[in-house]
Amino acid sequence: MRHLHAHRNPKPAQQRILPYACLLSLLAFTGCQARALNPAGPAASAIASLWWVMFITSTLVFIVVMVALALALRRRDVGDRGRGLSRSLVTYGGAIVPGIIVVGLMIYNTYITVQLEEPPDTPVTTVRAMAHQFWWDFEYVDYGFRTANEIHIPAGQSVMVQLASDDVIHAFWVPQLHGKRDMTPDHVGQIWLQADEPGTYQGLCAEFCGMQHAKMQFLVIAHEPEDYQAWLEQHQVIPPVPEDPRVFRGQQIFLGSECVYCHTVRGTNATGTLGPDLTNLASRRDLGAGTLPNTRGHLAGWIIDSQQFKPGNLMPPSPMDGQDLLDMLIYLESLR
Ligand SMILES: [Cu+2]
């Protein structure tokens, strides 16, 4: 009885406001984190400005409507003059002003959408992106090589990316550079990427595609134009036959194991395409589409049993003798 009674006592105003204030500040914090509102290229900037215009306009409309509502609730008998005023309020506030706002927003929206279709300048190259459960294959068609889970671009210039999927529906999204776009098995879509400044921009799969959807990430790395050229050149080199006996032994172990059915290393008879191209594996930042950092220890763990780190991914465990593993690691680390 006692606590029931206490419950009915009205709380002081501050206490009643507190939960709402907490919720609101939480919203503000998510805003700071949102990469899409922290654009780093022309397309994402256009999207962010569209968002801000929509947000500010609707906030203002909301405030005006709430004030009007509060005023209307307070008034009782309006009299003849009041009725005339309310009629014109309905005409202007209910039809003309909203009409102008909606049409204005529609025109602005169309303007932005058209801007998003085409890059500001002709793209410098085309990357063919193929989504797989649960990793990304990126083929630089003009240069004849492919890489995985990383796209490299020159800062300040645009690159066209063709989007397709090898299995289920995935979606390509680099929040700081552009909007989200589906990758489907039966249709080739496209999107362009451009970053204003050199830097690393996180990309992710934005359409639930199976067990390891959350660990299907990639990086867009924007370089100074000279560094981008150097990267392109480095990736066109076919790795030579290793001279170091240890590296050579590691290569023989790699080529003699089941890895070759799923992975490609250019210049060898490993030509599988079920898994990422490993020709430049050692130059990549992460393993397993953002699952692990690319260090020797993580690479060893990944090869022995990647299922521990990314359960349900399509690479089977490969138990291996310690010496063989070490030599193979040394070989894989030579693939830069
Ligand atoms: Cu996916």
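Here the structure is a predicted model, which is why all the values come from computation and not from measurement.

A.B. asks: I'm lost on unusual backbone geometry in this one. Help?
C.D. replies: In terms of backbone geometry, most residues other than glycine have negative phi values and most peptide bonds are trans. That bond from Gln133 to Phe134 is cis: its omega, 5°, falls within 30 degrees of zero. With respect to the element layout, Phe134 can be found in the loop between β1 (126-132) and β2 (135-140). A positive phi angle, near 60°, is found at Asn149, a position not held by glycine. Within the fold, Asn149 resides in the loop between β3 (145-148) and β4 (150-154). Residue classification places Asn149 among the buried positions, given that 22 C-beta atoms sit within 10 Å.

A.B. asks: Sorry if this is basic, but what is going on with the domain arrangement of the protein here?
C.D. replies: Interface size is commonly expressed as the accessible surface area that is lost when the partners come together. Once the domains are mapped, the protein shows domain 1 (34-117), domain 2 (126-231) and domain 3 (245-333). Each of domain 1 and domain 2 was reduced to a C-alpha centroid, and the two centroids are 36 Å apart. On the side of domain 2, 12 residues touch domain 1, which itself brings 11 residues to the contact. Here the side of domain 1 that touches domain 2 takes 4 residues from helix α3 (residues 42-74), the largest share from any one element. Residues that form the side of domain 1 that touches domain 2 fall into these classes: 8 nonpolar, 2 polar and 1 charged.

A.B. asks: In this structure, what is going on with the sheet that holds strand β6 (residues 170-173)? I would like to understand it.
C.D. replies: Note: strands within a sheet are paired through backbone hydrogen bonds, in either parallel or antiparallel orientation. Strands sit in the order β4-β10-β9-β6-β7 across an open sheet of 5 strands; the sheet is mixed. Taken across any chain shown, the strands that pair with only one partner, and hence form the sheet edges, are β4 and β7 (180-183). Taking each pair of neighbouring strands and ignoring which way they run, the sheet shows an average axis angle of 25°. The sheet contact formed by β6 and strand β9 (residues 199-205) spans 2 bridges and is antiparallel. Within β9, the position partnered with Phe172 by the bridge is Cys205. Packing of helix α5 (residues 225-236) onto the sheet brings it into contact with β4 and β10 (217-223), and relative to β4 it is tilted by some 135°.

The rules behind the values
- Residues numbered from 1 in each chain as written.
- Predicted model: local features only at pLDDT ≥ 70, side-chain atom pairs only at ≥ 80, totals over all residues.
- Helix = DSSP H or I, 4+ residues; strand = E, 2+ residues; numbered from the N terminus.
- Buried ≥ 20, exposed ≤ 12 C-beta atoms within 10 Å, placed from the backbone.
- Domains from an automatic or database assignment.
- Contact = placed C-beta atoms within 7 Å.
- Nonpolar A, V, L, I, M, F, W, Y, C, P; charged D, E, K, R; others polar.
- Pairing = 2+ DSSP bridges.
- Axes fitted to C-alpha atoms, helices over the stretch in contact; angles between N-to-C directions.

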